[in-house]
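Secondary and tertiary structure notes
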Amino acid sequence: MLMNESMQILPQFVLRVLRSVLYPLKSDFPLLRELSFESEKDTDSFRAILYHCEYLQRSHPSDGRITMVIGCTRLLLNIPTTSEALELLNTRAPSRVCATLLLCVRAHFQNWSLAKDELAGYLSQYVALPHPVFNSLAKTITCHNQYEGWASLSLTGKLVLTDYTSLSTKNVSLIIDKETFSLASLVYVREGPEIRITLPENWKTARSITLESPDRKYIGTVFNIDNFLKIDGFVEATETYLKGWAHYRSEPERPVKLHITAQSPQKHTSDRSALYRPIKITTCPTKLFDIRNLSGEACLPPFSYPLNNISFSEKSLSVTTETGVQLYGSPLHYNILAEQAVLYAHASREAFPALYKKRAHSSQSGIRKVVVIIPVYNGFEATRLCLQQVLRHNPDNARVIVINDASPNEDIVHFLNSLPENEYFSILHNDRNLGFPASVNKGMRQREAGEDVILLNSDTIVSENWIYQLQKAVYLKENIGTATPLSNNATIFSYPDKDGKNPFPTIEECEELNRIMMQSWQGELPEVPTAHGFCMYIKSECLESVGLFREDIFAQGYGEENDFSRRATALGWRHVACLGTYVGHAESQSFSHVKTDLMGRNLGIMNDVHKGYGQIVRNWQLNDPLLFYRRRLDLARFRKHYGLQKSVFLIAHDREGGILRHIGHRSIDYVKYGYVSFTLKPDRLENGKKIWRLDSVLQQHFPNLIIPQSLSAFRHLAEHLNCQKIEIHSYIGNGLENILHLSQIGLPYDVYIHDYSWFCPQITLTQDSGTYCGEPSETACQSCLRERGSKTGEYSAIPVLRQKSAAILEHAEQVIAPSQDTAQRLRRYFSAPINVIPWEIVPDLREITFPALPASRKRIIGILGAISTEKGFYQILALARFIAQNAFPIEFVLIGYSCNDNALLETGVVKITGKYKEFEIKYFIEKFRIDWFFLPSIWPETWSYVLTQLWMVEKPVIVYDIGAPAERIRQAGGGLIVPLHMPHSRLVWILHDPVKFQQVRPDNHSSR
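Residues numbered from 1 in each chain as written. Predicted model: local features only at pLDDT ≥ 70, side-chain atom pairs only at ≥ 80, totals over all residues. Heavy atoms only, no water.

Per an unreviewed UniProt entry, the protein chain is named Glycosyl transferase family protein, and its organism is Acetobacter senegalensis. Recorded in UniProt for the protein chain, the comment headed Sequence similarities (unreviewed entry) runs: "Belongs to the glycosyltransferase 2 family." (UniProt positions renumbered as here; feature names shortened; annotations may be inferred.)

Here the focus is the domain arrangement of the protein chain. By domain assignment, the protein chain separates into domain 1 (1–142), domain 2 (230–335), domain 3 (370–627), domain 4 (628–836) and domain 5 (859–1000). Taking only C-alpha atoms, the centre of domain 3 and the centre of domain 4 are 44 Å apart. At the interface, 23 residues of domain 3 touch 18 residues of domain 4. Surface buried jointly by domain 3 and domain 4 totals about 1900 Å² across both partners, of which 56% is contributed by carbon and sulfur atoms. Among the residues domain 3 hides against domain 4, the three largest losses belong to Tyr495, Ile516 and Leu627. Together they make up 34% of the total. The tally of links from domain 3 across to domain 4 stands at four salt bridges. (Domains from an automatic or database assignment. Contact = heavy atoms within 4.5 Å. Buried area = accessible area lost by both parts, 1.4 Å probe. Salt bridge = Lys/Arg side-chain N within 4 Å of Asp/Glu carboxyl O.)

Turning to the packing of aromatic side chains, a few remarks are in order. One pass over the full model with this rule turns up 29 aromatic pairs. With 5.8 Å between their ring centres and 75 degrees between their planes, Phe638 and Phe702 make a pair best called edge-to-face. Highlighted residues: Phe638 in helix α21 (residues 627–642) and Phe702 in the loop between β28 (690–696) and β29 (706–708), separated in sequence by 64 residues. Neither residue differs from the other here; Phe638 and Phe702 are each classed as buried. Ring geometry for Phe888 and Trp989: centres 4.9 Å apart, planes at 90 degrees, overall edge-to-face. Here Trp989 lies in helix α33 (residues 984–992) and Phe888 lies in the loop between α28 (873–885) and β35 (890–898), a separation of 101 residues in the sequence. (Phe/Tyr/Trp six-rings, centres within 6.5 Å; stacked < 30°, edge-to-face > 60°. Helix = DSSP H or I, 4+ residues; strand = E, 2+ residues; numbered from the N terminus. Buried < 20%, exposed > 50% of the residue type's maximum accessible area, 1.4 Å probe, protein only.)

In this section: the environment of Asn293. Residue position: Asn293 is located in helix α10 (residues 291–294). What Asn293 contacts, discounting residues up to four positions off in sequence, is Ser95, Glu253, Lys287, Leu288 and Cys299.

Time to look at the pairing of strand β39 (residues 975–978). On any regular strand, side chains alternate: one points to one face of the sheet, the next to the other face. Residues of β39 alternate between two faces, with Gly975 and Ile977 on one and Leu976 and Val978 on the opposite face, all of them buried. Relative to β39, strand β38 (residues 957–960) is paired through four bridges, and the arrangement is parallel. Looking at the pairing, Ile958 lines up with Leu976 of β39. The parallel pair β38 and β39 is bridged by helix α32 (residues 963–972), and the resulting crossover is right-handed. (Pairing = 2+ DSSP bridges. Right-handed = clockwise from strand over helix to strand, strands pointing away.)

It is worth spelling out the UniProt feature "domain: Glycosyltransferase 2-like" (unreviewed entry) in the protein chain at this point. Per the UniProt record, the feature "domain: Glycosyltransferase 2-like" (unreviewed entry) sits at residues 372–540. Counting secondary structure, residues 372–540 comes out at 33% helix and 21% strand; the distance between its end C-alpha atoms is 13 Å.

Another aspect to go through is the nonpolar core. Counting 88 residues, the largest nonpolar core has Phe714 and Val751 as the members making the most contacts within it. At six residues, the largest contribution of residues to this core is made by α28. Phe714 has contacts with Phe649, Leu680, Trp692, Ile707, Ile726, Leu742 and Ile745, leaving out every residue within four places of it along the chain. Core analysis: the second largest hydrophobic core is formed by 60 residues, Ala398, Cys510, Val576 and Met606 among them. (Core = buried A, V, L, I, M, F, W, Y, C linked by side-chain atoms within 4.5 Å.)

Glancing now at the packing of helix α3 (residues 64–76) against helix α4 (residues 82–92). Relative orientation and spacing of two packed helices are given, respectively, by the angle between their axes and the distance between those axes. The N-to-C vectors of α3 and α4 enclose an angle of 145 degrees; their axes lie 7 Å apart at closest approach. Seen from above, α3 lies across α4 with left-handed handedness. Mapping the contact onto sequence places Gly64, Thr67, Met68, Ile70, Gly71, Arg74 and Leu75 in α3 and Thr82, Glu84, Ala85, Leu86, Leu88, Leu89 and Arg92 in α4. For the contact of α3 with α4, the residue count by class is seven nonpolar, four polar and three charged. (Axes fitted to C-alpha atoms, helices over the stretch in contact; angles between N-to-C directions. Left-handed = near helix turned anticlockwise from the far one by under 90°. Nonpolar A, V, L, I, M, F, W, Y, C, P; charged D, E, K, R; others polar.)

What links the strands of a sheet is backbone hydrogen bonding, and the strands pair in either a parallel or an antiparallel sense. Reading across the sheet, the seven strands line up as β19-β18-β17-β20-β23-β22-β24 and stay open at both edges, with mixed pairing between neighbours. Each end of this open sheet is capped by a strand with a single partner; those strands are β19 (425–429) and β24 (574–582). Geometrically, the sheet is characterised by an average inter-axis angle of 20 degrees between neighbouring strands, direction not taken into account. Inspection of the sheet shows strand β22 (residues 480–486) paired to strand β23 (residues 535–538) by two bridges, in the antiparallel sense. Note that in β23 the partner of Thr482 across the bridge is Ile538. Its contacts with the sheet put helix α14 (residues 436–444) on β17 (370–376), β18 (398–404), β19 and β20 (452–456), and the angle it makes with β17 is roughly 150 degrees.

Moving on to helix α20 (residues 613–623). For α20, the set of buried residues is Tyr613, Val617 and Trp620. Seen along its axis, α20 keeps its buried residues to an arc of 60 degrees; they face one direction. Following α20 by one or two positions, Asp624 adopts a phi angle in the positive range, close to 50 degrees. (Arc of directions from axis to C-beta.)

Turning our eyes to something else, we now look at the pattern of salt bridges. A side chain with one charge can pair with a side chain of the opposite charge if their charged atoms come near. Enumeration over the complete set of coordinates arrives at 46 salt bridges. Taking the shortest distance from any N to any O, the salt bridge between Arg106 and Glu87 comes out at 2.7 Å. Of this pair, Arg106 sits in helix α5 (residues 96–108) while Glu87 sits in helix α4, placing them 19 residues apart in sequence. Judged by its relative accessible area of 6%, Arg106 is buried. Overall, Glu87 belongs to the partly exposed group, its relative accessible area being 34%.

This part is about the UniProt feature "domain: Glycosyl transferase family" (unreviewed entry) in the protein chain. Annotation from UniProt places "domain: Glycosyl transferase family" (unreviewed entry) at residues 854–979. A helix fraction of 36% and a strand fraction of 26% characterise residues 854–979, whose end C-alpha atoms lie 25 Å from each other.

The subject of this paragraph is the environment of Asn430. Relative to the helices and strands, Asn430 resides in the loop between β19 and α14. Since its relative accessible area comes to 6%, Asn430 is described here as buried. Separated by 397 residues in the primary sequence, Asn430 and Arg33 place their C-alpha atoms 71 Å from one another. Residues in contact with Asn430, not counting those within four places in the same chain, are Ile403, Asn404, Asp405, Ala406, Ser439 and Lys442.

Among the secondary structure elements, Thr948 is positioned in helix α31 (residues 945–952). With a relative accessible area of 7%, Thr948 lands in the buried category. Within the structure, Thr948 has its side chain in polar contact with the side chain of Glu840 (distance 2.6 Å). (Polar contact = N/O pair within 3.5 Å; in protein donor to acceptor, adjacent residues only side chain to side chain.)

Our focus in this paragraph is unusual backbone geometry. Negative phi values dominate among residues other than glycine, just as trans dominates among peptide bonds. In this chain, Tyr495 is followed by Pro496 through a cis amide linkage whose omega measures 5 degrees. Tracing the backbone shows Pro496 in the loop between β22 and α16 (507–520). At Ala406, a position not held by glycine, the phi torsion is positive, near 50 degrees. Of note, Glu954 is a non-glycine position whose phi angle comes to about 60 degrees, a positive value. Along the chain, Glu954 falls in the loop between α31 and β38.

Taken in spatial order, the five strands make up an open sheet running β5-β6-β2-β1-β8, and their pairing is mixed. With partners counted over all chains shown, the strands left at the sheet margins are β5 (187–191) and β8 (218–219), one partner each. Relative to β8, strand β1 (residues 149–153) is paired through two bridges, and the arrangement is parallel. Across the sheet, Gly149 pairs through a bridge with Tyr218, a residue of β8. With respect to the sheet, helix α7 (residues 132–144) is in contact with β1, β6 (194–198) and β8, its orientation differing from that of β1 by roughly 140 degrees.

Attention now moves to helix α23 (residues 711–720). Count 3.6 residues to each turn of an α-helix, and residues three or four apart come out pointing the same way. Buried within α23 are the following residues: Ala713, Phe714, Leu717 and Ala718. What you see down the axis of α23 is that its buried residues fit within an arc of 130 degrees, all on one side. For α23, the exposed residues lying more than 90 degrees away from the buried face are Ser712 and Glu719.

This part covers the pairing of strand β4 (residues 179–182). Two strands pair when backbone bridges link them, and strand β3 (residues 173–176) and β4 are joined in this way by four bridges, in the antiparallel orientation. Residue pairing for β4: Ser173 is matched across the bridge by Ser182. From the end of β3 to the start of β4, which pair antiparallel, there are two residues, and Asp177 there has a positive phi angle of about 55 degrees.

Structure, rendered in structure tokens:
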């Protein structure tokens, strides 16, 4: 860096910026996590950081953080192209820090003329940076350009003149617009080379200020006050907050004072002026080294203010600066959607008032009376079960009204006619089919004063205390208007699967789950954006303030309860999920044949009437507030069915492949020994959060065993499920660091080897072409990582990767590999004992041989699986082209697919089936009359289930002499091994007549 004594502070400033950007980057890019530095002398560290960031920039060119790191490390390494990165960032969103770094670059490379111009530009736009580096830079630049000093302006009304020579103040003056002020006429303080001048009180009203001194040259002497005081800002209103951002252009980090005032169409009287006294707020402070300042993003200090804290009766507001300048977006109707919703709700209430009978139902012990309204149309068995359960569990404070909506089902009509009516049960008959909303309204008009309402579909199953639990939920808070229980099929209220794809439960299953929920509910009331009409408790006061359903626009149904809910929300009512009861729901017994069209149309109506409704629901689903409660229910159900039965966690990756098959076999093995086995897989929620998801082969379904990828969450879940052991089958997707931590929590664990990710970031020991890399030196492996990146998601340096892997393997109870070949390769890198246990037991296969066929007959050779580059795609493509060019009597049939099907098909000698099921293999063999198979894999596979599948259909297989497939054929027979690098011109003859090759090499025991 700069050797000038006055410039020694520059490296510290650059290092400060670098640390501020690099550390947040490490959380997003594991490749950088192992990199660090101590001082400006750590050139090797800076080179490593620069190398990795230039690599990352190729895949993330718009990430300004990476660009800033590149600029800082180039400067610290004395690389002339430093300015390119910083200039790019400064064009995206100018900032004081970035502009100061550019001054550092100009000074460092002694481009003094450009440094002077950029310093002058800086001082005309910005307040001087409050960091010692700025004064040091300014002094160096002014001296090298033979200027006496420089001047800066602050937003506090101070103009600071810094003069490094002996200065007489007699000739210094300020011109504010056209008025000249001598320095003697102003208040000022002199401290060393600095003269701090206090500007006149009205300086903010001026257009410009100019510093003059006839015999002195200063950098930065003209200030445009309008630009200097300019505040950029924006304001908008959400459902709950007034929010936005504001900043001074000249000092973006400085808090901005704002005023919120009411906009009234009338002139304010003195009384109204008091009523509408401005609300004063301030933007949140922003740090100088905020990541936004350092990454080419605009620094937008935010502000927010709760709408419910605004007492203005007018709905139109202004948000202004202290000087009365409106922010963009102001004035604004601070919740025009809310006001429209209120007007709509009131209009709907007037059109559909919630009338009731004058007679009030008597109550006991102050318990609120409730009427259950059940419209019936079709689905006899579901209706019978529904009414049977409702009448069975109907408390004394509830009565039931069934609405026969002109049912065409004679069984339903006869059944309803057979039910005796009384004070607590009555049936109303529609002369014609009115649909759900109109039928519900008809029932609600029969309610009595103060009587709450439960709307219930006729295809539901209720259980013990269901009414009590729903009523308890709505009366826990005064402003709760509706409560909806969980169900197997109820959109956002669905459980166990949140998507509603759950089977319709039996009465016994509903009652069991209902008991579990009653026992586990602790009074929580998760808020929801809408109730659900399959089972919807409506408080009487809510119904009276909102009105009935809109039967005029929702026809037969779907969406009417959502409309009601949003109207209620506009009037201040809340909607909650009741976690204390469970109601089964068969869904769509009434009009399933038109459900999709009707739902689509009515959803369109909802979004027309309630703007943004769909997005509100979507946002709620992304946040998934019910996940915690669903997981708690899963754990309660698990304890109910399995008690303290021991469990084991099998950790998988987030991809396809043989690992999942092997884990499935292991799970079955554990069941035999009385364990409950769970597969733990990495995943992401819809909102992007990384999680672990537990799956099992249990008869009971527990889809909500989902936890964050954290050690504490894992430990908590392991304790709840009585986990006794872990099997680690892969770290891919889980994070090697996470797996290392899990291995240290005290649970015994085994490691199963399925690939080479423990020491090879490419997983398969292959080059770009898919061919075996030969396992070169550690230095070569590091070069491979730099050039090709990592296929595991881990970007640790090779020594670090292998060190962490060794820590995991060496503390395992067992490290198990499926083949000797795999074990030998691992022993080259790790000292941990490795046991060889084949994934499958295959009998002697020496009877599976290649048939002798006539030389003139075309050979149909099968290929099985998903053929990627390492699985031999380019080998097949080259062979196919050679065969086609030479009219060789061979045709390939790929049972599966490849990474480029079109290229293979274009050769004219390859047929492809596409994806297949395992049971279809024999069918395709017979269909295409396949003679034998060729597995072209060119990486050292650890096992190969594909080979087993072909042996199971009694077909011999030709493989390359590498990895487990070759080892297995040597041990068991059932195929032929060919040299890995055999020329295609030779290989086609072997593929055509493997019997002859076996005769030439009867031992078939080549090795590598």
